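The residues making up each chain are set out below.
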Amino acid sequence: MKMPIYLDNHATTKMDKRVLESMMPFFTEDYANPSSIDHIQGNKVLGKVNEARELIAEKINASEDEIIFTSGATESDNIAITGIARSLKEKGNHIITTNIEHKAILESCSGLKREGFDVTYLQVNRKGEIDLEELKNSINDKTILISIMSANNEVGSIFPISDIGKIAGENGILFHTDATQIISYKKMDVEEMGIDLMSISGHKIYGPKGVGALYVKRGIRINPLIYGGGQERNIRPGTLNVPGIIGLARAFELSDKEREKNTLEIKRLRDLFLEIISKDLDLELNGSIENRLPNNLSLYIRGIDAKALITKVKEYVSISTGSACNTDTVKPSYVITGMGYEKERAFSTIRIGLSKYSTEEEIRFVAGKLSKDIKKMLNFFN
Ligand SMILES: *Cc1c(COP(=O)(O)O)cnc(C)c1O
C-alpha cells in the first residue's frame, strides 16, 4: 500500500486516467480557440466542446444550451446566487438557503445582504436535515430564489431535492442546488426534480480541477459577474477551458456509467470502516447513517483533539477535520455547530471520505490503526 492513504475525497478526488487521456489531445494538437469559427481548427474544437456540452446535458435531462461552463462549483454557485439576485431584484429581494451550505453560497449571500437583500438561513437539525414546513413558512412575496445543496460536503447529509423543487415550483420561485458532492452517487434529473439551476465541479468526480458547470434552465436571465467576449451566452465570458471541459464531460460520462457499481462498493467499504473503528471505541456519528452520502463519515470522538489526531496519523492517512476551506485552526466547523452541537464536538470531529479507488485492504488497515492510535491518545490523557 502506498502511504499515506488518501481518505479526503470530499476535498478533491484523484483524476481517472481515462479522463486524463481524453484531455491530452486538446493541449498540443487540437488547441485552437473554439470561438475561432473562421477556420477548420477552431471549428473542430468547437465541435468537441459541443459534444461535451451535449453529453452533460443529456445525463441530467437538460438541453445543451442550458449548460454554462465555469471554473468550478465555486464560480457556478456565485453566478447562480449573485447573478440571479441582481437579475430579479425588481421582483424581490429575499433568498432562502440553509446554514450548512458551502462557503461559496454563504459568502455570496453575505455579499448580497450588503446590497440590500434579505437572506433566510434554514437551521438544520442534528441529522443535518431541514424541515420542509419551515421552508414553506419562510417563503414570502419577495422570495426570488431558494438555494439548497443536494448533499453536504462535511457531514454528508442528503437533502430532499424533489420535494424542495416542488415547493419552489408551486410558489413560482427559482430553485438552485449545489450538486457537487452528490452527482457521483445519484442521477440528477433537473426536469423531474424541479431544478432551475445546478452547480457541478470536475475535480470532485475524478475529473480535472478548475472546471465545472452551471445548469441554467432555458428562459432564466442571469446578470454576469464578469464581462468579456460573449462566450457561454454572455453569462460566463472568457476563452473556454477546452481540455478541462473535455475532461469534465468524460468524468461525467464515467461517473454516470459506473455510478451503481461504485456506490455499492464505496458504501460497503464505508460501513466496514465504521464497523471496525466502532468496535471498542465510544464514537458518535454526526448525522444519520441512512440519509448520508455513501462515501462519508463524520465521527465525533469524545475527548480527542481532532487536529492533534490528524497530525499524529498523517504518515499513514490523509483525513481532515472538515471542509478544506476551513483552514482556520481556531474556528470550529460551522457545519457541526450549525447542526446544534457545541463547539467541543466540532473540535473532536474527523471527516472521512472514501473514493472509488479505496480498497478493502486500505480501509481495514486505516480503521484498525486509527482505532489503536485513538485509544493510545485517550489513555495518554486519562
Ligand atoms: C468542493 C465544493 C465546492 C467548490 O467547488 P470548486 O470546484 O472547488 O470551486 C462547492 N460546493 C461543494 C458542496 C463542494 O463540495
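Note that this is a predicted model, so its numbers are computed, not measured. (Residues numbered from 1 in each chain as written. Predicted model: local features only at pLDDT ≥ 70, side-chain atom pairs only at ≥ 80, totals over all residues. Heavy atoms only, no water.)

1. What about the side chain of Asn-152?
Thought 1: One can find Asn-152 in the loop between β5 (143-147) and α7 (161-170).
Thought 2: Overall, Asn-152 belongs to the buried group, its relative accessible area being 0%.
Thought 3: A polar atom in the side chain of Asn-152 sits 2.7 Å from the backbone nitrogen of Glu-154.
Thought 4: When residues no more than four places from it in sequence are discounted, the contact partners of Asn-152 are Ile-100, Ser-157, Phe-159, Leu-293 and Val-335. (Helix = DSSP H or I, 4+ residues; strand = E, 2+ residues; numbered from the N terminus. Buried < 20%, exposed > 50% of the residue type's maximum accessible area, 1.4 Å probe, protein only. Polar contact = N/O pair within 3.5 Å; in protein donor to acceptor, adjacent residues only side chain to side chain. Contact = heavy atoms within 4.5 Å.)

2. Here's the deal with the sheet that holds strand β12 (residues 349-353)
Thought 1: Strand order in the open sheet formed by 3 strands is β9-β10-β12, with antiparallel pairing between adjacent strands. Two strands lie at the open edges of the sheet, namely β9 (283-285) and β12, each paired on one side alone. Neighbouring strand axes in the sheet, compared pairwise and without regard to direction, differ in orientation by 30 degrees on average.
Thought 2: Sheet analysis places strand β10 (residues 296-301) next to β12, joined by 5 bridges and oriented antiparallel. When the bridges of β12 are listed, Asn-296 appears paired with Gly-353.
Thought 3: Across the sheet, helix α10 (residues 259-278) touches β9, β10 and β12, and the angle it forms with β10 is around 15 degrees. (Pairing = 2+ DSSP bridges. Axes fitted to C-alpha atoms, helices over the stretch in contact; angles between N-to-C directions.)

3. Some remarks on the pairing of strand β6 (residues 174-178)
Thought 1: Of all 5 residues in β6, 5 are buried, a share of seventy percent or more.
Thought 2: Side chains of β6 alternate between two faces, with Leu-174, His-176 and Asp-178 and Phe-175 and Thr-177 buried alike.
Thought 3: Across 3 bridges, β5 lies against β6 in parallel orientation. Within β6, the residue paired with Ile-146 across the bridge is Phe-175.

4. Observations regarding α10
Thought 1: Its 20 residues place the ends of α10 28 Å apart at the C-alpha level, agreeing with the 28 Å of an ideal helix rising 1.5 Å per residue.
Thought 2: Listed as buried for α10 are Arg-259, Asn-262, Thr-263, Ile-266, Leu-269, Arg-270, Leu-272, Phe-273, Leu-274, Ile-276 and Ile-277. (Expected span 1.5 Å × (residues − 1).)

5. Focus on the domain arrangement of the chain
Thought 1: When its domains are assigned, the chain resolves into domain 1 (5-12 + 259-381) and domain 2 (17-254).
Thought 2: Contacts between the two partners involve 33 residues from domain 1 and, on the opposite side, 33 residues from domain 2.
Thought 3: Together, the buried faces of domain 1 and domain 2 total about 2800 Å²; carbon and sulfur atoms form 49% of this surface.
Thought 4: Among the residues domain 1 hides against domain 2, the three largest losses belong to Arg-259, Leu-293 and Tyr-334. Together they make up 24% of the total. (Domains from an automatic or database assignment. Buried area = accessible area lost by both parts, 1.4 Å probe.)

6. A look at the packing of helix α4 (residues 73-87) against helix α5 (residues 103-114)
Thought 1: Across the interface, α4 lies against α5 with an axial gap of 9 Å and an inter-helix angle of 30 degrees. The orientation of α4 relative to α5 falls into the category roughly parallel. Seen from above, α4 lies across α5 with right-handed handedness. Of α5, the residues touching α4 (which contributes Thr-74, Asp-77, Asn-78, Ile-81, Thr-82 and Ala-85) are Ala-104, Ile-105, Ser-108, Cys-109 and Leu-112.
Thought 2: When its residues are assigned to classes, the contact of α4 with α5 shows 6 nonpolar, 4 polar and 1 charged. (Parallel < 35°, antiparallel > 145°, perpendicular 65-115°, else oblique. Left-handed = near helix turned anticlockwise from the far one by under 90°. Nonpolar A, V, L, I, M, F, W, Y, C, P; charged D, E, K, R; others polar.)

7. Focus on the packing of helix α3 (residues 40-59) against helix α9 (residues 242-257)
Thought 1: Between α3 and α9, whose axes approach to 9 Å, the crossing angle comes to 30 degrees. Between α3 and α9 lies a crossing whose hand is left-handed. Seen from α3, the contacting residues are Val-45, Lys-48, Val-49, Ala-52, Leu-55, Ile-56 and Lys-59; seen from α9, they are Val-242, Ile-245, Ile-246, Leu-248, Ala-249, Phe-252, Glu-253 and Asp-256.
Thought 2: Looking at the contact of α3 with α9, its residues break down into 11 nonpolar, no polar and 4 charged.

8. Quick notes on the site of the ligand
Thought 1: The immediate surroundings of the ligand are formed by 13 residues, with Thr-74, Asp-178, Gln-181, Ser-201 and Lys-204 found nearest.
Thought 2: Gln-181 is positioned such that a nitrogen or oxygen atom in its side chain is 2.7 Å from an oxygen atom of the ligand.
Thought 3: Interatomic distance of 2.7 Å between a side-chain N/O atom of Lys-204 and an oxygen atom of the ligand.
Thought 4: Burial of the ligand by the protein chains amounts to 88% of its free accessible area of 380 Å².
Thought 5: With 3 residues, α4 is the single largest residue contributor to the shell around the ligand.
Thought 6: Looking at side-chain class alone, the shell around the ligand contains 2 nonpolar, 8 polar and 3 charged residues. (Near = heavy atom within 4 Å. Areas by Shrake-Rupley, 256 points an atom, 1.4 Å probe, with all protein chains shown as cover.)

9. Considerations on the nonpolar core
Thought 1: In this structure, Leu-7, Ile-146, Phe-273, Ile-350, Ile-352 and Leu-370 are the most contacted members of the largest nonpolar core, which totals 96 residues.
Thought 2: When residues in this core are grouped by element, the largest group, 8 residues, is from α9.
Thought 3: Mapped onto the domain boundaries, this core takes at least three residues apiece from domain 1 (5-12 + 259-381) and domain 2 (17-254).
Thought 4: The residues contacting Ile-350, other than those within four sequence positions of it, are Leu-297, Ser-298, Leu-299, Ile-301, Ala-306, Leu-309, Ile-310, Ile-319, Ser-320, Thr-321 and Leu-370.
Thought 5: Judged by nonpolar contacts, the second largest core, of 22 residues, contains Ile-68, Cys-109, Val-119 and Ile-235. (Core = buried A, V, L, I, M, F, W, Y, C linked by side-chain atoms within 4.5 Å.)

10. Digging into the sheet that holds strand β3 (residues 94-98)
Thought 1: Taken together, the 7 strands give an open sheet; going across it, the order is β2-β8-β7-β6-β5-β3-β4, and neighbouring strands pair in mixed fashion. The outermost strands of the open sheet, each flanked by one partner alone, are β2 (67-70) and β4 (118-122). Recorded for the sheet is a direction-independent mean angle of 20 degrees between the axes of neighbouring strands.
Thought 2: Across 5 bridges, the pairing between β3 and β4 is parallel. Following the sheet pairing, Ile-95 is matched in β4 by Val-119.

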